[in-house]
Amino acid sequence: MDENKNRNSNKLPKNTQTIIILVISGLLMLTLISFMNSWIKSSTTKYISYTEFVSKMEAGEIEAVRVESDRIVIVPKKQVSPMLEFTYYTGFGVDRTTLYEACEANGVQFDVPVQDSGSAILDFLLVWVLPVVLMYAVLGFFVRRMTRSGGGMMGVGKSTAKVYVEKSTGVTFKDVAGQDEAKESLTEIVDFLHNPGKYVKIGAKLPKGALLVGPPGTGKTLLAKAVAGEAKVPFFSLAGSDFVEMFVGVGASRVRDLFKQAQQMAPCIIFIDEIDAIGKTRDTRYGGNDEREQTLNQLLSEMDGFDTSKGLLILAATNRPEVLDKALLRPGRFDRRIIVDKPDLKGRLETLRVHSKDVLMDDSVNLDEIALATSGAVGSDLANMINEAAILAVKRGRNVVNQADLFESVEVVIAGKEKKDRILKEKEKRTVAYHEVGHALVTALQKDAEPVQKITIVPRTMGSLGYVMQVPEEEKYLMSKDELEARLVTLLAGRAAEELVFDTVTTGASNDIEKATQIARAMITQYGMSEKFGLMSLESIENRYLDGRAVLNCGDATAAEIDQEVMKVLKGAFERARELLADNRDVLDKIAEFLFEKETITGKEFMEIFHEVRGEEQQTEQAEDKVIVKEDVQIEELGD
């Protein structure tokens, strides 16, 4: 700490540094100008013989003559360039009196100035000495600055980690919500840093490292800062890419310097974000990357070399654990793998409460409903939704956020803002209305589908011309084959409605077809829900925490059979959707016409028209109770 204070005290104020730079730059510019003038002067002066001088003078080509101590300087009348003044010089061929008479006879100006004997020394100082001194001063100044900042050639091997000391991270476990299991694992590490004696007494050792794994936006970096905030120890934070430079050996040098600093400040925590930048599996088949592998080897060596009893802990975060080198993941290096996954319903509710604690809200706000409607959202998404709701409230001239603002913000994050300037033609608008009502109507007609919350045909900035918002009645962790098949029928119902009503199809179902194909393929290749292939696994997941891309584990002939099976499943779902809509054509027409006029309707309005046209009495509560009881029975059967 004292050393850091001394370094800070030795630094000049920012204004002083700016003034020094300007002064040095000005002197350097003056020197450059002086040097250029001297060079131009020497390059525009030419020697001629005395005979040639006399000839030019008699021909009237000379303007003036100036006598110096060792030569005669001649200024011609005609200049080659107006920007450059060319002069000539010659030796003394006659005495000065004779030269004066000749000049007077030919109309040439004659001048004999007093010469400064010290001009040669001054020119030498200005042209040769001053530039060298100034260049040395400028280079020395910048080298000192680069050395202090850890950059440049003098500090290229220095660690660039940001150091947060004591409570300066400003984050504790109270600021992290929705990750109870991850916090529990990290709480043990914090307790070890606080009370190492009771663990050492029984023979336990502090884990050398903990790897935080999960999708982007789940709070891995926030958890690492919370550990440092709770432990109240120095916290070194940097990214994996900070180690890699264009110079070979720099990464390894920075690793050594980082661990040297950390051991001097132990107990402390080192956090390496995106460790996959330097921790990828070493591969010699394609040549590899010598600089990255040297950095990784040095990191492995340093992790083996330090003593955990001093309280030095390494935390790292990645969303690509499958590409990390096996030597990095073995016990003794990263002893713990802590999964920081997408929060469940309870976690989303806690996260919403954390991010909304400083936001003014009225009594209509029900965060439970928002948590239920945001299945699959991560912490950063939920924080963004709360912020968007606050912005919407201000735009609408209110001082508090209400439930409508929150639901609107959910739609903004998921589908984008409304494009009020885009006006659809009547035919397009009617097509979109039937398309969206087709989705919603099939949802209401199937027992395994999620209830409708909202239907709209207002275009959004993310490309959709309309959408149906469905909100599950409760959080689910498993989906049955019947529920997946109902999902396929719902997705393809928009295309089925277009074909049924207009006897043609549009491009509006492209996203629905893409999603339906992904679900059908997963049912066949991953979930074992195909009668043809049975329980055979035909695909494996890569980048599970990023795009979840699937890779086939079968031959070309089997892949072709999979395509045929996917087509069969999708065709069956489409025929089912068309059949349901055809049997309820009157309901489809009635709701589509209502949506065409209103543009946006709620799930309650949709169900009222649905029951009215079908001549049914609404028994919403009883229906919901039946669904919940049925789902409980299904889960119980799966558990058995």
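Residues numbered from 1 in each chain as written. Predicted model: local features only at pLDDT ≥ 70, side-chain atom pairs only at ≥ 80, totals over all residues. Heavy atoms only, no water.

**Q** Explanation requested: the environment of Leu349 in the structure shown.
**A** Structurally, the position occupied by Leu349 is in helix H12 (residues 345–355). Judged by its relative accessible area of 13%, Leu349 falls in the buried class. The sequence separation of Leu349 and Ile370 amounts to 21 residues, and the corresponding C-alpha distance is 8.0 Å. The contacts of Leu349, once residues within four sequence positions are left out, are Leu367, Asp368 and Ala371. (Helix = DSSP H or I, 4+ residues; strand = E, 2+ residues; numbered from the N terminus. Buried < 20%, exposed > 50% of the residue type's maximum accessible area, 1.4 Å probe, protein only. Contact = heavy atoms within 4.5 Å.)

**Q** Looking at this model, I keep getting lost on unusual backbone geometry. Mind explaining?
**A** The bulk of non-glycine residues show a negative phi, and the bulk of peptide bonds are trans. Phi is positive for Lys232, close to 55 degrees, though the residue is something other than glycine. Note on placement: Lys232 falls in the loop between helix H8 (220–231) and strand E8 (235–239). Among the residues examined, Lys232 registers a relative accessible area of 42% and is labelled partly exposed. The phi angle at Glu274 is positive, at roughly 50 degrees, despite the residue not being glycine. Structurally, Glu274 is set in the loop between strand E9 (268–273) and helix H10 (290–305). Overall, Glu274 belongs to the partly exposed group, its relative accessible area being 35%.

**Q** Is there a simple way to think about H10 in this case?
**A** Residues three or four positions apart in an α-helix share a direction because the helix packs 3.6 residues into each turn. Helix length check: H10, at 16 residues, gives a terminal C-alpha distance of 22 Å against a target of 22 Å (1.5 Å per residue), a fit within 8%. Among all positions of H10, only Glu291, Arg292, Glu293, Thr295, Leu296, Gln298, Leu299, Leu300, Glu302 and Met303 are buried. As for H10, its buried residues are in contact with helix H9 (250–264), E9, strand E10 (312–318) and helix H11 (326–329). (Expected span 1.5 Å × (residues − 1).)

**Q** Whenever I open this one, the pattern of salt bridges confuses me. Can you help?
**A** When charged atoms on two side chains of opposite charge get close, those side chains can pair. Within the structure shown, the criterion is met by 19 salt bridges. For Glu188, the salt bridge goes to Arg336, with nearest N and O atoms at 2.7 Å. In this pair, Glu188 sits in helix H6 (residues 180–194) while Arg336 sits in strand E11 (residues 336–339), placing the two residues 148 residues apart along the sequence. A relative accessible area of 27% places Arg336 in the partly exposed class. A salt bridge links Glu593 to Arg430; the shortest N-O distance between them is 2.9 Å. Linking Glu593 in helix H20 (residues 585–598) with Arg430 in helix H16 (residues 426–445), this pair joins segments that are 163 residues apart in sequence. Take Glu593: its relative accessible area is 32%, and that puts it in the partly exposed class. A relative accessible area of 22% places Arg430 in the partly exposed class. (Salt bridge = Lys/Arg side-chain N within 4 Å of Asp/Glu carboxyl O.)

**Q** It is not clear to me how the side chain of Lys183 should be interpreted in this structure. Could you clarify?
**A** Looking at the secondary structure, you find Lys183 in helix H6. Here Lys183 occupies a buried position and makes no salt bridge, while the nearest side chain of opposite charge, Asp180, is found at 4.2 Å. Of note is the side chain of Lys183, whose polar atom sits 2.8 Å from the backbone oxygen of Val176. Once residues lying within four places of it in the same chain are set aside, the contact partners of Lys183 are Phe173, Val176 and Leu223. (Lys, Arg positive; Asp, Glu negative; His and termini not counted. Polar contact = N/O pair within 3.5 Å; in protein donor to acceptor, adjacent residues only side chain to side chain.)

**Q** Is there a simple way to explain the sheet that holds strand E13 (residues 467–470) in this structure?
**A** Two orientations exist for strands paired in a sheet by backbone hydrogen bonds: parallel and antiparallel. If you walk across this open sheet you meet the three strands as E13-E12-E16, and the pairing is antiparallel. If you trace the sheet from one side to the other, it starts and ends with E13 and strand E16 (600–602), each paired once. Ignoring which end each strand starts from, the neighbouring axes of this sheet average 15 degrees apart. Direction of pairing for strand E12 (residues 452–456) relative to E16: antiparallel, over a ladder of three bridges. Looking at the pairing, Thr456 lines up with Thr600 of E16. Set on the sheet, H20 makes contact with E12 and E16; between it and E16 the angle comes to about 120 degrees. (Pairing = 2+ DSSP bridges. Axes fitted to C-alpha atoms, helices over the stretch in contact; angles between N-to-C directions.)

**Q** Please explain the nonpolar core as it appears in this structure.
**A** Taken as a class, soluble globular proteins show a tendency for nonpolar side chains to be buried jointly. Grouped together as the largest cluster of nonpolar side chains are 46 residues, with contacts concentrated most on Ile455, Leu488, Leu581 and Ile591. Apart from residues no more than four positions distant in its own chain, Ile591 is found in contact with Val437, Ile601, Phe606, Ile609 and Phe610. The next biggest cluster of nonpolar side chains, apart from the first, holds 27 residues, and it includes Val171, Phe173, Val190 and Ile338. (Core = buried A, V, L, I, M, F, W, Y, C linked by side-chain atoms within 4.5 Å.)

**Q** Even after reading the chapter, I still don't get the packing of helix H14 (residues 379–395) against helix H15 (residues 403–415), so can you show me in this structure?
**A** The axes of two packed helices give the description: the angle between them and the distance between them. At a minimum axis separation of 8 Å, H14 and H15 run at an interaxial angle of 120 degrees. Taken together, the axes of H14 and H15 lie oblique to each other. In this structure, H14 crosses over H15, and the sense of that crossing is right-handed. In this structure, H14 contributes Asn384, Met385, Ile386, Glu388, Ala389, Leu392 and Ala393 to the contact, and H15 contributes Asp405, Leu406, Glu408, Ser409, Val410, Val412 and Val413. (Parallel < 35°, antiparallel > 145°, perpendicular 65-115°, else oblique. Left-handed = near helix turned anticlockwise from the far one by under 90°.)

**Q** Sorry, what's going on with the confidence of the model for the chain here?
**A** For residues with low pLDDT, the predicted coordinates do not support detailed interpretation. Per-residue confidence for the chain averages 77 on the pLDDT scale, and 75% of its residues sit at or above 70. For residues 1–12, every residue scores under 50 in pLDDT, and the model assigns this stretch four contacts once sequence neighbours within four places are set aside. (pLDDT = per-residue confidence, 0-100.)

**Q** Where do I start with the packing of aromatic side chains in this structure?
**A** Working definition: an aromatic ring pair is given by the centre-to-centre distance plus the angle between the planes. Evaluation of the coordinates by the stated rule reveals three aromatic pairs. A centroid spacing of 6.1 Å and a plane angle of 15 degrees characterise the contact between Phe235 and Phe271, whose relative ring orientation is stacked. Note that Phe235 is positioned in strand E8 and Phe271 in strand E9, a separation of 36 residues in sequence. Considering the side-chain rings of Tyr434 and Phe502, the 5.6 Å spacing of their centres and the 90 degrees angle between planes classify their relative orientation as edge-to-face. Here the residue Tyr434 occupies a position in helix H16, and Phe502 occupies one in helix H17 (residues 481–502), the gap between them amounting to 68 residues. Among the residues examined, Tyr434 registers a relative accessible area of 8% and is labelled buried. When the ring centre of Phe596 is taken as reference, the NZ or CZ atom of Arg430 above it lies at 4.1 Å. (Phe/Tyr/Trp six-rings, centres within 6.5 Å; stacked < 30°, edge-to-face > 60°. Lys NZ or Arg CZ within 6 Å of the ring centre and 35° of its normal.)

**Q** Explain the environment of Glu58 to me, please; I cannot follow it from the model alone.
**A** You can see Glu58 is positioned in helix H3 (residues 50–58). Residues Glu58 and Cys103, 45 residues apart in the sequence, show an inter-C-alpha distance of 9.2 Å.

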